[in-house]
Amino acid sequence: GLKKEAKGNDELMRSPQGKQLMRIFLAMTEMKKNPLKEQAKDVQTIGMLGAGFMGAGIAQVSVTNDIEVLLKDVDEDTIASAKKSIWDDFQRKVKKKAMRPAESEELITRVNSELDYDRFGKADLVIEAVNEDINLKQKILKETEDNTREDAIFASNTSALPIKRIAENAQRPSRVIGMHYFSPVPKMPLLEIIVKEDTAKWVEATALELGIRQDKTCIVVKDGPGFYTSRILAPFLNEALLLLEDGVDIEQLDHSMKRFGYPVGPIALLDEVGIDVAAHVMSGELMDYYRQRKGAKPSEVLPKLHEAGYSGRKNQKGFYKYDANGKKRKGLINKEIYEFFGNPVKKAYVEEEIQYRLALQMVNEAAMCLEEGIVQSARDGDIGAVFGLGFPPFLGGPFRYLDSLTCQRAVEIMEDLKKRAGELFEPANIIREKAIKSERFHDDYPG
Ligand SMILES: NC(=O)c1ccc[n+]([C@@H]2O[C@H](COP(=O)([O-])OP(=O)(O)OC[C@H]3O[C@@H](n4cnc5c(N)ncnc54)[C@H](O)[C@@H]3O)[C@@H](O)[C@H]2O)c1
């Protein structure tokens, strides 16, 4: 038995997949260090605005790492239910002996319920996770500035609103930054930190230090529509919706992408994230930006589904069928939904075609983000896609994937797709250049 295990381990370590996983581990380890540590200010107390799903999660990862939280919402019941969800999670840990009962009791006392800003003078940094509404976010930024110290940082957990717009009327714009957590916060390892042009370096350093303390792997990205993660997710999901319009079967689509290595298919993901949330993210500035792209065909289906009351798993009305508890009824598709796609005649697609069409939309967009300096390095782009979006870890991320496929081959595939699926498959300049020069994104390939 031991011999077999050793042999299996040896094979895994030598396999291309094993190597990619090791590279991810090494990148993660490297990213535990803050290159700007010396400029970071100490954070002992954070103000948390919004005690909804994300606010509760951010509060939880903060108190578990010795940071006191002032948790503010509009009513006491919301704060109480956020505290209950944190407490319940602690008790699950206690049950598994991953936390001592006394520790759980001590930690929950560090979540303070606040209905006003009276104690916010104590906050070193304030994170907002109120509803995704630009006017609301601008309003609470003003309230925060009026009620906090001069040196307090304001961080937004917006999914896609440009930080620059949130900070439009800020009195201290250099102290405004984006801290984009992923749901569920206690489980998801990524934190995307968004710096706008005039965000002070010490503010970036402090947000990075806080993220590392909260046990997150952090990437620092430039402000822009959808930042990095939402921006590369949007064309991937859009392509999935276009394929449904073209007659691909929902199950075939999801199965194909699972076989490619994604943990869930794109359509199941839409149900999980919420069709309402996805419709919101895939609208506004992000989609305006995408629409300008040559050959862009933004699908109009999500807003229509949202209007018709489809929210996905949370209201048991989505692409799949759910029981009253929101549990997926195995393999059951909500066939009514095809009407929103114009009831197309079913078309059999070769699995590889589906996989390339979707994965390369994400990969190509990631390459454009690197070209534009939205992500600082191929390493960050890989980590962001793997940890934030479930890009197959054994492929190493979009840039490692391009390296193993080679940019020459990627250009060939995309040229071929362009003939069938349109100009949107035009390879990013950086991919074309690397193809011509036979270069790779990472120096250590094959390693
Ligand atoms: N849910 C996700 O998967 C996810 C992921 C990443 C980012 N986000 C972003 O995080 C933010 C919050 O999302 P959520 O899913 O937690 O929403 P949610 O609806 O669960 O929570 C929002 C909370 O904000 C509170 N609120 C509204 N106005 C307020 C005010 N003036 N002061 C204090 N609290 C106020 C609401 O009462 C509510 O409890 C949004 O910007 C969203 O885009 C969400």
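Residue numbers run consecutively from 1 along every chain, following the written order of its sequence. Residues qualify for local features only when their pLDDT is at least 70, as the model is predicted, and side-chain atom pairs are given and counted only at 80 or more; totals for whole chains, interfaces and linings, by contrast, use all residues. With hydrogens and water excluded, all non-hydrogen atoms of the structure serve as input to the side-chain values.

### Section: the site of the ligand
Next, step 1: Lining the immediate environment of the ligand, one finds 21 residues, of which Met54, Asp73, Glu132, Lys137 and Ser159 sit closest.
Next, step 2: In the environment of the ligand, an oxygen atom lies 3.0 Å from a nitrogen or oxygen atom belonging to the backbone of Phe53.
Next, step 3: Under this definition, polar contacts are N or O atom pairs within 3.5 Å; protein pairs additionally need one hydrogen-donor-capable and one acceptor-capable atom, and for neighbouring residues in sequence, both atoms have to be side-chain atoms. Contact between the ligand and Ser183: an oxygen atom at 3.1 Å from a side-chain N or O atom of the residue.
Next, step 4: Each accessible area is a Shrake-Rupley estimate made with a 1.4 Å probe; only the visible protein chains count as cover when residues are assessed. Protein burial of the ligand: of its 830 Å² of free accessible surface, 80% is covered by the chains.
Next, step 5: Numbered from the N terminus, helices here are DSSP runs of H or I no shorter than four residues, and strands are runs of E no shorter than two. Only helix 3 (53–63), helix 6 (134–147) and strand 6 (176–181) provide two or more residues apiece to the shell around the ligand.
Next, step 6: In terms of residue count, helix 6 provides more of the shell around the ligand than any other element does, three residues in total.
Next, step 7: Residue polarity is assigned by list, with Asp, Glu, Lys and Arg as charged and Ala, Val, Leu, Ile, Met, Phe, Trp, Tyr, Cys and Pro as nonpolar; anything else, Gly included, falls into the polar class. When the residues that make up the shell around the ligand are grouped by side-chain class, the tally is eight nonpolar, nine polar and four charged. Consider each residue's heavy atoms; a residue with any of them within 4 Å of a molecule or strand counts as near.

### Observations regarding the environment of Glu365
Next, step 1: Among the secondary structure elements, Glu365 is positioned in helix 15 (residues 351–371).
Next, step 2: Between the C-alpha atoms of Glu365 and Ala385, which are 20 residues apart in sequence, the distance is 11 Å.
Next, step 3: Not counting residues within four places of it along the chain, the set of residues in contact with Glu365 comprises Arg231, Ile232, Pro235 and Arg293. Contact between two residues is taken to exist if any of their heavy atoms lie within 4.5 Å; hydrogens are not considered.

### Focus on the packing of helix 15 against helix 17 (residues 398–405)
Next, step 1: Remark: helix 15 packs on helix 17, axes separated minimally by 9 Å, with the N-to-C direction vectors making an angle of 110°. If you check the angle between helix 15 and helix 17, you find them roughly perpendicular. Seen from helix 15, the contacting residues are Tyr356, Leu360, Val363, Ala366, Ala367 and Leu370; seen from helix 17, they are Pro398, Phe399, Tyr401, Leu402 and Leu405.
Next, step 2: Of the residues assigned to the contact of helix 15 with helix 17, the class counts are 11 nonpolar, no polar and no charged. Think of each axis as a best-fit line through the C-alpha atoms, taken over the contacting stretch in the case of a helix, with angles from 0 to 180 degrees between the N-to-C directions. For classification purposes, an angle smaller than 35 degrees is called roughly parallel, one larger than 145 roughly antiparallel, one from 65 to 115 roughly perpendicular, and anything else oblique.

### Re the side chain of Asp223
Next, step 1: Turning to its location among the elements, Asp223 is positioned in the loop between strand 8 (217–222) and helix 9 (229–245).
Next, step 2: Summary of the burial criterion: residues with accessible area below 20% of their type's maximum are buried, those above 50% are exposed, and those between are partly exposed, where the area comes from a 1.4 Å probe applied to protein chains only. Within this scheme the basic residues Lys and Arg register as positive and the acidic residues Asp and Glu register as negative, but His and the chain ends are omitted. Definition used for salt bridges: Asp or Glu carboxyl oxygen within 4 Å of a side-chain nitrogen of Lys or Arg. Although Asp223 lies buried, it forms no salt bridge, and the closest oppositely charged side chain, Lys164, sits 5.7 Å away as judged by the N-O distance.
Next, step 3: A polar side-chain atom of Asp223 sits 2.8 Å from the main-chain amide nitrogen of Lys164.
Next, step 4: Asp223 has contacts with Pro162, Ile163, Lys164, Ile194, Val195, Lys196 and Ile374, leaving out every residue within four places of it along the chain.

### Structural notes on helix 18 (residues 407–421)
Next, step 1: Expected helix span is given by 1.5 Å per residue-to-residue step, counting one fewer step than there are residues. Taking 1.5 Å of rise per residue, the 15 residues of helix 18 would be expected to cover 21 Å, and the 20 Å separating its terminal C-alpha atoms lies within 8% of that figure.
Next, step 2: Every buried residue of helix 18 is listed here: Cys407, Ala410, Val411, Ile413, Met414, Leu417, Lys418 and Ala421. The arc enclosing the buried residues of helix 18, seen along the axis, measures out at 165°, which places them on a common side.
Next, step 3: At its buried positions, helix 18 is contacted by helix 15, helix 17 and helix 19 (429–436).
Next, step 4: One or two positions beyond helix 18, positive phi appears at Gly422, with a value near 105°. Throughout, the arc means that of the directions going from the helix axis to the C-beta atoms.

By themselves, these observations are geometric and do not establish any function.
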